[in-house]
Amino acid sequence: LIFDVRNNPGGYVSEMIEILDYLLPEGTLFRSESYDGTTREDTSDAACLELPMAVLFNENSYSAAELFAAALWEYEWAVTVGQPTCGKAHYQYTIPLMDGSAVALSVGRYTTPMGVNLTQTGGLQPDIPVEAGTGEEDPQLLAAVEALTKETP
């Protein structure tokens, strides 16, 4: 399986957790702490999908997309390919204003399953760093396919 979260701004944490629970073995999937001290830790059961996996990401992989890749990598469940992620480790609450604009306030932080703050590390670093292609070929995707082909007999 190859997951492509390049240029992915994130999404819903609840959906990320649901997918990771299906893919990963028993353990922590996600950790967060609001600035008022409330903590949250989501875990997986023992059922998992044991197939060769790779995750493609880049500097435009944020939030849930970035944490999805980090979880697969930390469990050594997937090889990672691409460019370092942005390192976003804070979540926001958006307040709509009467004029149609909005204000987003950071209200907490999250970490990888192993407790790593991706802002402090400068983002998630790929196992296989590959620049994005400029033509029709996708060198990052080709590198992921090659890595998975080497892993499987």
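Whatever comes next refers back to the structure up there.
Figured I'd write up the structure that's included with this text. The shown structure was predicted, so the numbers you read here are calculated from the model rather than taken from an experiment.

### So, the pattern of salt bridges
In the structure shown here, the tally under the stated rule is 6 salt bridges. As a salt-bridge pair, Arg6 and Asp4 come within 2.6 Å of each other at their nearest N and O atoms. Accessibility expressed as a relative area gives 42% for Asp4, which makes it partly exposed. Taking the shortest distance from any N to any O, the salt bridge between Arg6 and Asp138 comes out at 2.8 Å. Of this pair, Arg6 sits in the loop between strand S1 (2-4) and helix H1 (13-23) while Asp138 is found in the loop between strand S8 (128-129) and helix H4 (139-151), placing the two residues 132 residues apart along the sequence. Note on Arg6: relative accessible area 18%, which makes it buried. Salt bridges sharing partners connect three or more residues here, namely Asp4, Arg6 and Asp138.

### As for helix H2 (residues 63-74)
For H2, built from 12 residues, the straight-helix expectation of 16 Å at 1.5 Å per residue is met to within 8% by its first-to-last C-alpha distance of 16 Å. With 11 of its 12 residues buried, H2 lies for the most part within the structure. When H2 is considered as a whole, its buried residues turn out to be Ser63, Ala64, Ala65, Glu66, Leu67, Phe68, Ala69, Ala70, Ala71, Leu72 and Glu74. Just downstream of H2 lies Glu76, where phi reads positive at about 55°.

### Quick look at H1
Burial in H1 covers these residues: Met16, Ile17, Leu20 and Leu23. Buried residues of H1, seen end-on, are gathered within an arc of 125° and therefore sit on one face of the element. Of the exposed residues in H1, those oriented more than 90 degrees away from the buried face are Glu18 and Tyr22. Considering only its buried residues, H1 is in contact with S1, strand S2 (27-34), strand S3 (39-44) and H2.

### Quick look at the nonpolar core
Membership of the largest hydrophobic core comes to 24 residues, with the highest contact counts inside it found for Met16, Leu20, Leu24, Val55, Phe68 and Leu72. Every element with two or more residues in this core is listed here: H1, S2, strand S4 (54-57) and H2. The element contributing the most residues to this core is H2, with 8 residues. Ignoring anything within four residues of it in the chain, the contact list for Met16 reads Phe30, Ala64, Leu67 and Phe68.

### A look at the sheet that holds S3
The strands making up a sheet associate through hydrogen bonds between their backbones, and the pairing can be parallel or antiparallel. Pairing is antiparallel across the open sheet formed by 4 strands, whose spatial order is S3-S2-S7-S6. Of all strands in the sheet, those bounded by a partner on one side alone are S3 and strand S6 (90-96). The sheet shows a mean angle of 25° between the axes of neighbouring strands, direction not considered. With 6 bridges joining them, S2 and S3 adopt antiparallel strand pairing. By the bridge assignment, Gly27 is partnered in S3 with Ser44. Together, S2 and S3 form the strand contacts of H1, whose direction differs from that of S2 by roughly 165°.

Here is what the cut-offs are and how they apply
Residues numbered from 1 in each chain as written. Predicted model: local features only at pLDDT ≥ 70, side-chain atom pairs only at ≥ 80, totals over all residues. Heavy atoms only, no water. Salt bridge = Lys/Arg side-chain N within 4 Å of Asp/Glu carboxyl O. Buried < 20%, exposed > 50% of the residue type's maximum accessible area, 1.4 Å probe, protein only. Helix = DSSP H or I, 4+ residues; strand = E, 2+ residues; numbered from the N terminus. Expected span 1.5 Å × (residues − 1). Arc of directions from axis to C-beta. Contact = heavy atoms within 4.5 Å. Core = buried A, V, L, I, M, F, W, Y, C linked by side-chain atoms within 4.5 Å. Pairing = 2+ DSSP bridges. Axes fitted to C-alpha atoms, helices over the stretch in contact; angles between N-to-C directions.

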